[in-house]
Amino acid sequence: MRKKMISLFAAGILAAGTLAGCGSTANTGAQTSSAPAASEAGSTAADAADSQAASTADSSEAAGSEAADQYADLSGSITMSGSTSMEKLANALAESFMAKYPGVTVTAEFTGSSAGIESVLAGSVDIGNSSRNLKEDEKSAGAVENIVAIDGIAVVTDPANTVTDLTTDQLISIYKGETKNWSELGGADQAIVVVGREAGSGTRGAFEEILGIEDQAAYANELDSTGAVMAKVASTPGAIGYVSLDVVDDTVLTEKLDGVEATEENIKNGSYTLSRPFVMATKGEISEQKPEVQALFDYLSSDEGKELIKSVGLITVD
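Residues numbered from 1 in each chain as written. Predicted model: local features only at pLDDT ≥ 70, side-chain atom pairs only at ≥ 80, totals over all residues. Heavy atoms only, no water.

Attention shifts here to the packing of helix H2 (residues 87-100) against helix H10 (residues 303-311). Between H2 and H10, whose axes approach to 10 Å, the crossing angle comes to 150 degrees. In terms of crossing hand, the pair formed by H2 and H10 is right-handed. In contact with Leu89, Ala92, Leu93, Ser96 and Lys100 of H2, H10 contributes Glu304, Leu308 and Ile309. Its residues assigned to classes, the contact of H2 with H10 shows five nonpolar, one polar and two charged. (Axes fitted to C-alpha atoms, helices over the stretch in contact; angles between N-to-C directions. Helix = DSSP H or I, 4+ residues; strand = E, 2+ residues; numbered from the N terminus. Left-handed = near helix turned anticlockwise from the far one by under 90°. Contact = heavy atoms within 4.5 Å. Nonpolar A, V, L, I, M, F, W, Y, C, P; charged D, E, K, R; others polar.)

Our focus in this paragraph is the confidence of the model for the chain. The predicted model of the chain averages 84 in pLDDT, with 78% of residues at 70 or higher. For the stretch residues 1-46, pLDDT sits under 50, and the model shows zero contacts to residues farther than four places along the chain or on other chains. Within the model, pLDDT remains below 50 along residues 51-67, and this stretch shows zero contacts once partners closer than five positions in the same chain are excluded. (pLDDT = per-residue confidence, 0-100.)

Burial within helix H6 (residues 202-211) is extensive, with seven of its ten residues counted as buried. Listing the buried residues of H6 in full gives Gly202, Thr203, Arg204, Ala206, Phe207, Glu208 and Leu211. Two or three places before Thr203, at the start of H6, stands the capping residue Ser201, its side-chain oxygen 3.2 Å from that residue's backbone nitrogen. Downstream of H6 by a residue or two, Gly212 has a phi angle that is positive, lying close to 70 degrees. (Buried < 20%, exposed > 50% of the residue type's maximum accessible area, 1.4 Å probe, protein only. Polar contact = N/O pair within 3.5 Å; in protein donor to acceptor, adjacent residues only side chain to side chain.)

The subject of this paragraph is the packing of helix H9 (residues 291-301) against H10. Packing of H9 against H10 leaves a shortest axis separation of 4 Å and a crossing angle of 75 degrees. For the element pair H9 / H10, the angle class is roughly perpendicular. When H9 is examined against H10, the residues Tyr299, Leu300 and Ser301 are found in contact with a partner set consisting of Asp303, Glu304, Gly305, Lys306, Leu308 and Ile309. For the contact of H9 with H10, a count of residues per class yields four nonpolar, two polar and three charged. (Parallel < 35°, antiparallel > 145°, perpendicular 65-115°, else oblique.)

So, about the side chain of Thr316. Checked against the element boundaries, Thr316 lands in the segment after H10. By relative accessible area, which is 10% here, Thr316 ends up buried. For Thr316, the residues in contact, after removing those within four places along its chain, are Lys306, Ile309 and Lys310.

Glancing now at the environment of Gly200. Inspection of the secondary structure assignment puts Gly200 in the loop between strand S7 (193-197) and H6. Counting along the chain gives 87 residues from Gly200 to Ser113, while the straight-line C-alpha distance between them is 6.6 Å. If we skip the residues at most four places from it in the chain, Gly200 touches Ser113 and Ser114.

Once that is clear, we can look at the layout of surface pockets. Unfilled space is identified by rolling a water-sized probe across the atoms. Size it by volume and the largest pocket reaches roughly 370 Å³. Of all the elements in the fold, those that place two or more residues in the lining of the largest pocket are H6 and strand S12 (275-283). With six residues, the top contributor of residues to the lining of the largest pocket is H6. Residue composition of the lining of the largest pocket, grouped by class: four nonpolar, six polar and eight charged. By volume, the second largest pocket amounts to about 160 Å³. Forming the walls of the second largest pocket are Asn146, Ile147, Val148, Ile286, Phe297, Leu300, Ser301, Lys306, Ile309, Thr316, Val317 and Asp318. Of all the elements in the fold, those that place two or more residues in the lining of the second largest pocket are strand S5 (147-157), H9 and H10. By residue number, the principal contributor to the lining of the second largest pocket is H9, which donates three residues. Split by residue class, the lining of the second largest pocket holds seven nonpolar, three polar and two charged. (1 Å grid on protein atoms, 1.4 Å probe; cavity = no way out; pocket = protein on both sides within 12 Å on 5 of 7 lines; lining within 4 Å. Points joined across faces, edges and corners; volume = space filled by probe spheres on them.)

Applying the stated criterion to the full structure yields twelve salt bridges. Between Lys100 and Glu304 there is a salt bridge, with its nearest N and O atoms 3.3 Å apart. In this pair, Lys100 sits in helix H2 while Glu304 sits in helix H10, placing the two residues 204 residues apart along the sequence. On the basis of relative accessible area, Glu304 is assigned to the partly exposed category, the value being 41%. Put simply, Lys139 and Glu136 hold a salt bridge, and the shortest N to O gap is 4.0 Å. With Lys139 and Glu136 both in helix H4 (residues 136-140) and three residues apart, this pair spans about one turn of that helix. Three or more residues are tied together by salt bridges with common partners; here these are Asp126, Lys290 and Glu292. (Salt bridge = Lys/Arg side-chain N within 4 Å of Asp/Glu carboxyl O.)

Time to look at the nonpolar core. With 38 residues, the main nonpolar core has Leu171, Ile174, Tyr175, Phe207, Ile240 and Leu274 as its most contacted residues. At the level of secondary structure, the elements contributing two or more residues to this core comprise S5, helix H5 (168-175), S7, H6, helix H7 (226-235) and strand S9 (239-244). Aside from chain neighbours lying at most four places away, what touches Ile174 is Leu166, Thr179, Trp182, Leu185, Ile192, Val194 and Ile240. Residues Ala90, Leu93, Ala94 and Met280 belong to the second largest nonpolar core, which totals 29 residues. (Core = buried A, V, L, I, M, F, W, Y, C linked by side-chain atoms within 4.5 Å.)

Take the packing of aromatic side chains next. For the structure shown, the criterion picks out eight aromatic pairs. Considering the side-chain rings of Tyr175 and Tyr219, the 5.9 Å spacing of their centres and the 70 degrees angle between planes classify their relative orientation as edge-to-face. Highlighted residues: Tyr175 in helix H5 and Tyr219 in the loop between H6 and strand S8 (221-223), separated in sequence by 44 residues. Residue class for Tyr175 comes out buried when judged on its relative accessible area of 0%. Ring geometry for Tyr175 versus Tyr242: centroids 5.7 Å apart, planes at 50 degrees, classification tilted. Of this pair, Tyr175 sits in helix H5 while Tyr242 sits in strand S9; the two residues are 67 residues apart in sequence, bridging distant segments of the chain. (Phe/Tyr/Trp six-rings, centres within 6.5 Å; stacked < 30°, edge-to-face > 60°.)

Following this line, the structure appears as structure tokens:
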């Protein structure tokens, strides 16, 4: 009986061991089977993500290429006329734009701001350049004021002048003909020769408007270009004039105004008050213009265009 119980016990242990071995084999098989499935799923997801990323990159590249090629085959012509103060900017812009778009010809004439706006309203040019804000009657006639840069107006005297700093009130007094000799301002006993621009000049309009002396200025000489004012002041003892800041050189003395130098930084921070906009007026909105003109304005607002504006001594509008 005892031997029979031992045999039964041994048989039970053997059966339990057999069942445990079967269970272990089953679990191992399940794990082995699920591992390839997980690996395959992960690989599929990664492939899908890579495919989507590649597709997004291709789409972005295509969009960039489309934007870059928008004006790739541009051809035609652009005509401008107007402010003589904008001559330096207009010439640099024409040269740079034509180099970028060889199929486009850009021409500019320098007839004065008012004449330029009249021309664009008459449809004889595409763009009217103005070195002043547009008047209400010009806007009412359809001219649109597109400000592309800011310019300072420098007050210049002959290089031998010993007066280097004027107050705004003194400048007003000089241009109204009330102060007639530099000795009244601490300088030499020498008559003041008041030089300015012709009627219709954007520089003159902005200068007189800022100082509040419209129709009150007493000019000894009224000249028809920025270059003529520079030459006259440089060669005339006792002369004073006003010109675009970007054309100033060492042939003249640039006056401080209320102790503030005429610099880009001082114009931006508002401490130098003689500044005005450079406007490229169109008849109707830019979006209504022909593709060549739209491309020109897009170019001016680009990083390359902003660098061009800075390179000619002007201030960008943003």
